[in-house]
Structure formats: C-alpha cells, structure tokens
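Inside the fold
Next come the chains, spelled out residue by residue.
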Amino acid sequence: MSDPTPSSSPSPTSPQGELVIRTIAMPADTNANGDIFGGWLLSQMDLGGAILARNFAHSRVATVAIDAMAFLCPVYVGDIVSCHALHLKTGRTSMRIEVEAWAQRQKGGEHVRVTHGTFTYVALDDHGHSQPVQRS
Ligand SMILES: CC(C)(COP(=O)(O)OP(=O)(O)OC[C@H]1O[C@@H](n2cnc3c(N)ncnc32)[C@H](O)[C@@H]1OP(=O)(O)O)[C@@H](O)C(=O)NCCC(=O)NCCS
C-alpha cells in the first residue's frame, strides 16, 4: 500500500487527518499586531502531531524536525482552532506526520485552513533514547 500524501490543493475545503487538538485562540496568544502569534499555533500543531505519533508508536516521542511549514492566513482572537494530523510514513524509529491547522472564525463561522507542515517524531524509550516504532 502506498503512503498517503498531503493534499496538493492550495485551498482544500475540508481538513485531512484525525482531529487531535481543538481550542480557542485567546488574547494572551497574540503578537504585537494583535493577531495570534505564529509560535503559539506551531506549538498546538506540534502537540497535535505528537498525540498521533505517541498513539501510533505506543511510546514517548520527541520532535526532531519540522518541514514545509506554511502560514497561509492569520488567526484572530476568538477563532476556534483545530489541528488535524495525518500519518504519512514510518521509518525505523521515526514517523512523518502532516499537520494542518484550521480556524473557525468567531465572526461568520467560516472554516479556513491557516497553516500546514510536516512534523517528524522519534519514538523514545524510558531513558529518552530512540527506539524502533512498535507498530500494533
Ligand atoms: C530524538 C533523539 C533522541 C534522536 O537521537 P538519535 O537516535 O541519535 O537520532 P538519529 O540520528 O538516529 O535519528 C533518529 C531518526 O530520526 C530521523 N531524523 C533525525 N533528524 C532528522 C531530521 N532533521 N529530519 C528528518 N528525520 C530526522 C532519522 O532519520 C532517524 O529515523 P529512522 O530511525 O526512522 O531511520 C535526539 O535527536 C534528540 O534528543 N533530539 C531532541 C528532541 C527534542 O528535544 N525535541 C524537542 C525540541 S524543542
């Protein structure tokens, strides 16, 4: 079976992957412009991808790489932000996971894809050393 590929559409109409995070963008997460800080969004995506990776590997995981991050639209205070994660590939100790973040606008309720990126996680043993992914 071939590995799934991230959506190639520049503006998909619905998220791909499993819903892993759902939260509300708060005033404390804003940047100097009053929009939501990119670092906050990135951390939500990283957490979301780690949830999928951890459940897949049945172990702790650590992020080793983030590739192909694209920030497409701003997120505003009050938007409902959801992260969706799609498992792309498993290596020996690593897993590549595509994560998309979508915002449901507080004003109008429109759903827009705001970011996407590819996260690589490594399965860890109890001592923090990489270990082979334990597929179920
Ligand atoms: C995770 C960690 C223990 C792995 O150490 P290691 O076992 O010596 O690392 P390796 O070089 O053998 O790489 C492990 C796997 O990650 C992959 N990998 C490592 N760097 C990578 C990168 N930049 N991009 C993609 N994959 C990468 C390797 O290809 C390998 O995959 P495979 O086993 O499926 O073939 C170590 O890199 C670490 O502690 N990193 C810090 C993690 C961390 O703190 N993350 C949070 C950052 S804020």
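What this report covers is the structure whose coordinates are included nearby.

Definitions and cut-offs
- All residue numbers here refer to positions counted from 1 along the written sequence of the relevant chain.
- Local features in this predicted model are restricted to residues of pLDDT 70 or higher, and side-chain atom pairs are both shown and tallied only at a pLDDT of 80 or more, whereas totals for entire chains, interfaces and linings draw on every residue.
- For side-chain calculations, the full set of non-hydrogen atoms in the structure is used, while hydrogens and water are omitted.
- What counts as a helix is a DSSP run of H or I of at least four residues, what counts as a strand is a run of E of at least two, and both are numbered from the N terminus.
- Accessibility here uses a 1.4 Å probe with only protein chains present; expressed as a share of the type maximum, an area under 20% marks a residue as buried, one over 50% as exposed, and anything in between as partly exposed.
- When checking whether two residues touch, look at their non-hydrogen atoms; a contact exists if any pair is within 4.5 Å.
- Aromatic pairs are defined between Phe, Tyr and Trp rings, using the six-membered ring for Trp, whenever the two ring centres lie within 6.5 Å; interplanar angles under 30 degrees are classed as stacked, those over 60 as edge-to-face, and all others as tilted.
- When at least one non-hydrogen atom of a residue lies within 4 Å of a molecule or strand, that residue is treated as near it.
- Think of a polar contact as two N or O atoms within 3.5 Å of one another; within protein, one of them needs to be a possible hydrogen donor and the other a possible acceptor, and neighboring residues in sequence only count if both atoms come from side chains.
- In these tables, accessible area is a Shrake-Rupley quantity obtained with a 1.4 Å probe, and a residue counts as shielded only by the protein chains included in the view.
- In this classification, the charged set is Asp, Glu, Lys and Arg, the nonpolar set is Ala, Val, Leu, Ile, Met, Phe, Trp, Tyr, Cys and Pro, and all remaining amino acids, among them Gly, are polar.

Along the chain, Leu52 turns up in helix α1 (residues 38-57). Using a relative accessible area of 13% as the deciding quantity, one classes Leu52 as buried. With 45 residues separating them along the chain, Leu52 and Ile97 place their C-alpha atoms 8.1 Å apart. Once you skip the residues sitting within four places of it in the chain, Leu52 turns out to touch Glu18, Val20, Ala85, Leu86, His87 and Ile97.

Glancing now at the packing of aromatic side chains. Considering all chains together, one arrives at one aromatic pair under this definition. Centroid distance Phe119 to Tyr121: 6.3 Å. Interplanar angle 10°. Geometry classified as stacked. By the burial criterion, Phe119 is buried, and Tyr121 matches it.

Neighbouring the ligand are 13 residues, the closest being Thr63, Arg92, Thr93, Ser94 and Ser130. Thr93 is positioned such that a nitrogen or oxygen atom in its side chain is 2.6 Å from an oxygen atom of the ligand. The contact in question runs from an oxygen atom of the ligand to an N or O atom on the side chain of Ser94, over 2.6 Å. Alone, the ligand offers 980 Å² of accessible surface; in the complex the protein occludes 40% of this. Listing elements by their share of the shell around the ligand, those giving two or more residues are β2 (60-71) and β5 (111-124). Ranked by residues supplied to the shell around the ligand, first place goes to β2 with four residues. Its residues assigned to classes, the shell around the ligand comprises five nonpolar, seven polar and one charged.

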